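One letter stands for each residue in the lines below.
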Amino acid sequence: MNKGKRLGTASGIAFAYVGTVVGAGFASGQEVMSFFTIYGHKALWAILISSFLFAFIGTGILLLGMELKASSFGKLIDTMFGLLSPIINIYLLFAMMVINIAMLAGAGAMFQEFGNTSYLVGVTITALAAIVTIGLGISGILSINKILVPAILSFQIIIIFITLSTKSSFEGEISFVEASTVHLIKQGISYASFNIILSTGVLASLGKKFKDRDLLILGGVLGGSILAAMLITSHYCLLAHIPYIFDYEIPALYIISDKSRFLSIFYSLVVWGAIFTTLVGNLFSMTSFFHDRFGMNHLFTATLIICAASLLSFLGFSSIVNTLYPIVGLIGVIFIIGVFFYTRKLKN
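Residues numbered from 1 in each chain as written. Predicted model: local features only at pLDDT ≥ 70, side-chain atom pairs only at ≥ 80, totals over all residues. Heavy atoms only, no water.

**Q** Which residues make up the overall build of the protein chain, and what values go with them?
**A** Scanning the protein chain for helices and strands turns up 15 helices and zero strands. Here the protein chain, with 348 residues, has 54% of them falling under the buried criterion. Just so you have it, the protein chain exposes about 15200 Å², and 68% of that area is on carbon and sulfur atoms. (Helix = DSSP H or I, 4+ residues; strand = E, 2+ residues; numbered from the N terminus. Buried < 20%, exposed > 50% of the residue type's maximum accessible area, 1.4 Å probe, protein only. Areas by Shrake-Rupley, 256 points an atom, 1.4 Å probe, with all protein chains shown as cover.)

**Q** Before we move on, could you go through the nonpolar core and cite the residues and values that matter?
**A** For soluble globular proteins, the rule of thumb is that nonpolar side chains tend to be buried together. Counting 114 residues, the largest nonpolar core has Ile196 and Phe335 as the members making the most contacts within it. Discounting residues that sit within four places of it in the chain, Ile196 has contacts with Tyr17, Leu53, Phe54, Ile57, Ile61 and Ile336. (Core = buried A, V, L, I, M, F, W, Y, C linked by side-chain atoms within 4.5 Å. Contact = heavy atoms within 4.5 Å.)

**Q** How would you sum up the environment of Phe81? Please name residues and give values.
**A** Mapped onto the elements, Phe81 comes out in helix α5 (residues 73-81). In this structure, the C-alpha to C-alpha distance between Phe81 and Gly338, residues 257 residues apart in sequence, is 7.9 Å. If near-sequence neighbours (up to four positions away) are discounted, Phe81 is found in contact with Ile88, Ile334, Phe335 and Gly338.

**Q** Which residues make up the packing of aromatic side chains, and what values do they have?
**A** Geometrically, a pair of aromatic rings is defined through the distance of the ring centres and the angle of the planes. Applying the stated criterion across every chain, the model contains twelve aromatic pairs. Centroid distance Phe155 to Phe266: 6.0 Å. Interplanar angle 70 degrees. Geometry classified as edge-to-face. Within this pair, whereas Phe155 is found in helix α8 (residues 138-164), its partner Phe266 is found in helix α12 (residues 261-294), the two being separated by 111 residues in sequence. In this structure, Phe155 and Phe266 share a single accessibility class: buried. With centroids separated by 5.0 Å and ring planes inclined at 40 degrees, the aromatic side chains of Phe155 and Tyr267 adopt a geometry described as tilted. Placement of Phe155 in helix α8 and of Tyr267 in helix α12 is noted, with a sequence separation of 112 residues between them. This pair shows no difference in class: Phe155 is buried, exactly as Tyr267 is. The aromatic ring of Phe210 is capped on one face by Lys209, whose charged end is 5.7 Å from the ring centroid. (Phe/Tyr/Trp six-rings, centres within 6.5 Å; stacked < 30°, edge-to-face > 60°. Lys NZ or Arg CZ within 6 Å of the ring centre and 35° of its normal.)

**Q** Quick one: what's the story with the pattern of salt bridges, residue by residue and with numbers?
**A** Enumeration according to the criterion identifies three salt bridges in this entry. Two residues, Asp212 and Arg6, come together in a salt bridge whose shortest N-O distance is 3.2 Å. Of this pair, Asp212 sits in the loop between α9 (181-210) and α10 (213-239) while Arg6 is found in helix α1 (residues 3-21), placing the two residues 206 residues apart along the sequence. In this structure, Arg293 engages Asp78 in a salt bridge whose closest nitrogen and oxygen atoms are separated by 2.3 Å. Highlighted residues: Arg293 in helix α12 and Asp78 in helix α5, separated in sequence by 215 residues. Overall, the relative accessible area of 35% leaves Arg293 in the partly exposed class. Under the relative-accessibility criterion, Asp78 is labelled partly exposed at 30%. (Salt bridge = Lys/Arg side-chain N within 4 Å of Asp/Glu carboxyl O.)

**Q** So what's going on with the packing of α1 against α12? Which residues, and what values?
**A** Remark: α1 packs on α12, axes separated minimally by 7 Å, with the N-to-C direction vectors making an angle of 100 degrees. Taken together, the axes of α1 and α12 are roughly perpendicular relative to one another. Between α1 and α12, the residues in contact are Gly19, Thr20 and Val21 and Thr277, Thr278 and Gly281, respectively. Residue composition of the contact of α1 with α12, by class: one nonpolar, five polar and no charged. (Axes fitted to C-alpha atoms, helices over the stretch in contact; angles between N-to-C directions. Parallel < 35°, antiparallel > 145°, perpendicular 65-115°, else oblique. Nonpolar A, V, L, I, M, F, W, Y, C, P; charged D, E, K, R; others polar.)

**Q** Just give me the short version of the packing of α9 against α12, but keep the residues and values in it.
**A** In a packed pair of helices, the relevant descriptors are the angle between the two axes and the axis-to-axis distance. At a minimum axis separation of 8 Å, α9 and α12 run at an interaxial angle of 70 degrees. Classified by the angle between their axes, α9 and α12 sit roughly perpendicular to one another. Read as a crossing pair, α9 and α12 show a hand that is left-handed. Contacts from Leu198, Gly201, Val202 and Ser205 in α9 reach Gly281, Asn282, Phe284, Ser285 and Ser288 in α12. (Left-handed = near helix turned anticlockwise from the far one by under 90°.)

Below is the structure:
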C-alpha cells in the first residue's frame, strides 16, 4: 500500500471513529458546554484528559479488535471481563438502544424545527437511510463517514471564523461554576468514557478488517487528534459567546444567528449528519453483536431495532436524554480501565 493510499485508509478509520462519537449533543454545542465550558478556561485540563483517552483507548480498541479478530464488541467484553461479560454486554446493548432512540428523536425534532416538516417524516427518512447503510456493512459505515464527517469539520471551521470576527458585547462579570481539580479530572474521564464505550463495536470491527498494526495506530491517533481539536475549538468558541449561549438549548444556533440563510441550512444538515453517523455506528455495533452470537442477519436485525427505536423515539429527545443518558456513562469508566490494562498485558 503506497503512502497516499495508506493515509487515505487511516483517515477513513479516523472519520468512522469521529462520526460515531460526534452526535447531536456535540454538533449543537450543548454537550461541550455542559461538560466543560461552564467551568471556564480551567476546563482545558479536563478536555486534554478526554483527548488523551480518545487517542489512547480508541487506538487500544482497534488493536484489540485486530488481535482478537473481533467482529463485534462482544468478543472484547468476553475476553476482558470473563464471568461479568453477560452483564456488561446487556448493559452496552441497552445503552446503544437508548442512543438509537435519542438520535431518531433528535432527527424528528430537527426536521420539525428546521425543515418545517412533520416529526414522523424526519424519523422515517433517517430510519430508512440507516437500514440501507447497515446493509452495506462496515464499508457502508466508512463511506458515509467519509462524506458526513468532513462536512461537520467544515462547519466547525466556519464557527471558528465567525467567532474570531465577532467581538463580545458583554461588559459584565462572568461567573463560572466552581470546580476542584478532582472534579475536572472526573469530567474529562466521564466524557471520554461515555463516548468511547459506544464506539467500541465500530472500532473493533475496523481492527479486524484492516489487520495492520501501524495503520490502525495511525487511524486511532488521527481520530483522537481530530476529536481533541474539535473539543478545544468548540470550547473556546462557546467561551467567546458567554453568557448569551446559556439562554440557548442549542448554543451553536446563537453563534450563527443573524447570519446567512445558507449557513442555517448548512447547520441543519450538519446536525442531521452528526445524528446519522452516531445512529449508524451504534446500530452497526448492535447488529454485529447479534450476528456473532445468534447468526442473525444484519439487515433483518437492523430493521427490528430501528422499528422499535422509531416507536420509542416519540417520547421526545430531551426527556430521553435527561432520563436515560446519565446511566450510560458509569460502566464506560470501568471499560476504559479494562482496555488500558488488557492492552498492557498484550504488550508484555
